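# Topology and contacts: notes
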Amino acid sequence: MTREKTHKWLVIILGVMITVSWIYPFFIIFFGSLKSRAEIFTNTIWIPETFVPENYSRAYEGLEYGRSFLNSLFITTSSIIIIVIFSSMAAYALARNKSKISTAIYFFCALTMLIPFQSVMIPLVSIFGQIDFLNRFGLIIMNWGFASSMSIFLYYGAMRSISVSLDEAAYLDGGTPFQIFWRVIFPILRPTTVTVVILNAIRLWNDFLLPSLVINQEGMRTIPLRMYYFFGEYTVQWELALAGLVLAIVPIIVLYIFIQRYIVEGVTKGAVKT
Amino acid sequence: MKGKKKNLYYWAFVIPSLLAVFFVIVLPLILGIGTSLTNSDGHTAVFIGLNNYRRLLSDEQFIYSLWFTIRFAFVAVILINVIGLGLALIVTQKIGKISLFFRTVFFMPNLIGGIILGFIWQFIFVRAFAGIAEATGLTFFNAWLADTTTGFWGLVIVFLWQMSGYIMIIYISFLANIPGELIEAGKIDGANKWQAFWQIKFPMLAPAFTVSLFLTLANAFKIYDLNLALTNGAPFGSTEMIAMNIYNTAFFQYQQGYAQSKAVIFFLIVAVISLTQVFITRRKEVDL
C-alpha cells in the first residue's frame, strides 16, 4: 500500500512540476503586460513592482478590440452555421442512400482532405478575386469548403448508429425527407453537432493565413489579423504588445475553462474518428 | 417515396456541400496545375511547359526550406510523441481529480492560434531569455532566434508546446481502450508497473503511434503562422519553412506560376504522408 502511495505522490509532484513550466509562459506574458516599458527590461519574468494597467486601455484601442472581436465572432459563427446545416444534410443523404454514387462522393471528399491549404491558396484567391467575391462573404464560403469533408465524415459516422426505422416511421406519418431530417434526425445528431462546432470553432477563430489573403479592408480584420499588424507596430513597446496578446488569449481560455469537457471530448472524437 | 422525387431530395441534400468543396478546393487545384505551367505574375501568364519544375531543382532557397522542414518535422515528431505519451501516462495514473486539472493545462496551448503562440514565444526567447542570461550569466540563454540553430530549436519548442497536449489526448483515448483485465492479469503474473507498461500497454499502443506520428508529421509540414510570428524566416531566410517559401514566392516576389509549381510538389509530399498513414492504420486494424 505504501508503495502505491509513494508512486501516486511521485506522479503528482512530477505533474505539478510540468504544469508549472507549462503555464509559466502565460504568466510571463501576463506579468509583462502590467509593467512599465522600463521595467520589462529590468524585470522580465517576475511579478511587476509597479502596475501599469493603462497598457490595457491602450492595447484595447490599438487592436480596435471590440470591432475585431465582433469580426471574428461574425465570421466564425456564420461559417459554422453553414457548415453544420449543409454537412449534416449531405451526410444524412449519403448514409441513407447506399449507392455507387454515394460511395464515389464519400471517396471524393476523403481525397480532398489530403490537399493542404497552401497548395490551392494561390488559384483560390485569384478565382474569388476575379469574381469580386473576397472579404467576409467570400471567406465564409471558403471556410465552408475547407471544413465540409471533415464535418461530413463526423456526421456520417454518427448516422450509422441511428436506426432507419426512425426515418420510416416518420415517413409513414407523412413527412418529406427535409422535415424528417430536421425534426427527427438532426436532434439525435446533437453530440456530433457539438463536436463539429468545437473543432471548427477552434480552427476558424485562430485562422490567420486564409483571412490574411482574403480580407483586404481594415475594418473587417479578425483578432489574429489585427494582432499581426498591431504586433508589428509595437515590438519596440513590448508592454503594449503583451497586453494585446493577453486580450487575444483571454476569451479562449475563459471559454475553455467553462466548457473544457466538451472541448476535450470533441477534439478526441475529431482526432480518432477522421 | 417515388424514385424520381427521392432522387431530387438526395441531390438537394448533397449538392450544396459538393459545390462548396468543388469551387474552394478542387477547381483551384486543377487550375493551379495549369498555373504551374506558366510564368504567371498574377496578371499576365505565358505557357512555359515544365520550366518551373526544372527551375525548382536548382532553387537553393526552395531546397534549403524543404530540407529545413524535413529536419524540423523529424525532430518535432519524435519529441512530441515522446512527450505526448509521457503526459498521457501521467494523467492516466490513479492520482485522483488532479489528473483532470493536469489534462486541462497540458491541452491549453493547443487552443491558441499559431500567430499568437509565435508572438508569445518571441517575447520569451528574445526578452525573457535575455533577462535570464543577464541574471544568471548563462550564455545558453543569449541571443535566441538570432541565428539558425536557436531559430530551429525555438520553432521546435513552440510547436512542441502547442501539439503535445493534442497528441496526449489521442494517447489517452487509446490507453483507455486497453482492457483492464489485461493489466490485472499481468499484475497477477507478478509484473511491476514498469513491466506492465513496456510489455502490455506499449504493444497495444501501436495504432496510436501511427495516428499520432503522421498527424504530427502532416501538421509539421503545413506550419506557416508559427513560422511567420516567431522568426519570419530570419536570419536571411535560414528558418524559412516550405509553406512560407511558397507564400513569399507568390505574394512578395509575385511569381505566382513558379510558386504554384512549388505548391504542387508540396501537395504531393503531404498527400504521400497522409496516404501512408491511411494505408498503415488500415493494415494494422486488419492485423488486430
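Cut-offs and rules
Residues numbered from 1 in each chain as written. Chains lettered and ligands numbered in written order. Predicted model: local features only at pLDDT ≥ 70, side-chain atom pairs only at ≥ 80, totals over all residues. Heavy atoms only, no water. UniProt positions renumbered as here; feature names shortened; annotations may be inferred. Helix = DSSP H or I, 4+ residues; strand = E, 2+ residues; numbered from the N terminus. Rg over C-alpha atoms; globule rule 2.2 N^0.38 Å. Salt bridge = Lys/Arg side-chain N within 4 Å of Asp/Glu carboxyl O. Buried < 20%, exposed > 50% of the residue type's maximum accessible area, 1.4 Å probe, protein only. Contact = heavy atoms within 4.5 Å. Polar contact = N/O pair within 3.5 Å; in protein donor to acceptor, adjacent residues only side chain to side chain. Nonpolar A, V, L, I, M, F, W, Y, C, P; charged D, E, K, R; others polar. pLDDT = per-residue confidence, 0-100. Expected span 1.5 Å × (residues − 1). Arc of directions from axis to C-beta.

Under an unreviewed UniProt entry, chain B has the name Raffinose/stachyose/melibiose transport system permease protein and belongs to Alkalibacterium subtropicum. A UniProt comment under Sequence similarities (unreviewed entry) is attached to chain B, and it reads "Belongs to the binding-protein-dependent transport system permease family." UniProt lists a comment for chain B under the heading Subcellular location (unreviewed entry), and it reads "Cell membrane".

Naming follows an unreviewed UniProt entry, where chain A appears as Raffinose/stachyose/melibiose transport system permease protein of Alkalibacterium subtropicum. As recorded by UniProt, the Subcellular location (unreviewed entry) comment attached to chain A reads in full: "Cell membrane".

Attention now moves to the overall build of chain A. From N to C terminus, chain A includes 13 helices and zero strands. Each helix and strand of chain A, placed in order from N terminus to C terminus, yields the pattern α-α-α-α-α-α-α-α-α-α-α-α-α. For chain A, whose C-alpha radius of gyration is 24 Å, the value lies well above the compact-globule estimate of 19 Å for 274 residues. Principal-axis analysis of the C-alpha atoms places the extent of chain A at approximately 75 × 70 × 35 Å.

Our focus in this paragraph is the pattern of salt bridges. Residue and element names in this part refer to chain A. Per the stated rule, a full pass over the model turns up seven salt bridges over all chains. With its nearest N and O atoms 3.0 Å apart, the salt bridge here joins Arg37 to Glu239. With Arg37 in helix H2 (residues 37-42) and Glu239 in helix H13 (residues 238-273), the pair connects residues that are 202 residues apart, well separated along the chain. Note on Arg37: relative accessible area 40%, which makes it partly exposed. One continuous salt-bridge network, built from bridges that share partners, spans Glu64, Arg67, Glu218 and Arg226.

Residues and elements named next belong to chain B. Along the chain, Ile273 turns up in helix H12 (residues 256-287). With 67 residues separating them along the chain, Ile273 and Ala206 place their C-alpha atoms 18 Å apart. In contact with Ile273, not counting residues within four places along its chain, are Phe214, Leu217, Ala218 and Phe221.

What follows concerns the interface of chain A and chain B. Listed per partner, the contact involves 84 residues of chain A and 82 residues of chain B. Where chain A meets chain B, there are zero salt bridges. Our enumeration of links across chain A and chain B arrives at eleven residue pairs in polar contact (both at pLDDT 80 or more). Looking at which element gives the most residues to the side of chain A that touches chain B, the answer is helix H1 (residues 2-33) of chain A, with 16 residues. Of the residues assigned to the side of chain A that touches chain B, the class counts are 63 nonpolar, 19 polar and two charged.

In this model, chain A carries an average pLDDT of 90, and 99% of its residues clear a pLDDT of 70 or more. Between the elements of chain A, mean pLDDT differs from a low of 84, seen in helix H8 (residues 164-172) of chain A, to a high of 96, seen in helix H4 (residues 65-96) of chain A.

Bringing unusual backbone geometry into the picture now. If a residue is not glycine, its phi is most likely negative; likewise, a peptide bond is most likely trans. Note the cis peptide between Ala234 of chain B and Pro235 of chain B, where omega equals -5 degrees. Residue placement: Pro235 of chain B occurs in the loop between helix H10 (225-230) and helix H11 (242-251). The backbone of Glu64 of chain A sits at a positive phi, close to 45 degrees, despite the residue not being glycine. Along the chain, Glu64 of chain A falls in the loop between helix H3 (54-62) and H4. The class for Glu64 of chain A is partly exposed, based on a relative accessible area of 31%. Notably, Asp132 of chain A is not glycine yet its phi reads approximately 55 degrees, a positive angle.

Moving on to helix H8 (residues 193-204) of chain B. All names here are of chain B. Between its first and last C-alpha atoms H8 spans 15 Å; for twelve residues at 1.5 Å apiece the expected length is 16 Å, and the two agree. Those residues of H8 not exposed but buried are Ala196, Phe197 and Ile200. Summarising the axial view, the buried residues of H8 lie within an arc of 125 degrees, below the 170-degree limit, and thus occupy one face. Facing away from the buried side of H8, by more than 90 degrees, are the exposed residues Trp194 and Gln199. The inward-facing, buried residues of H8 contact helix H3 (60-91) and helix H7 (180-188).

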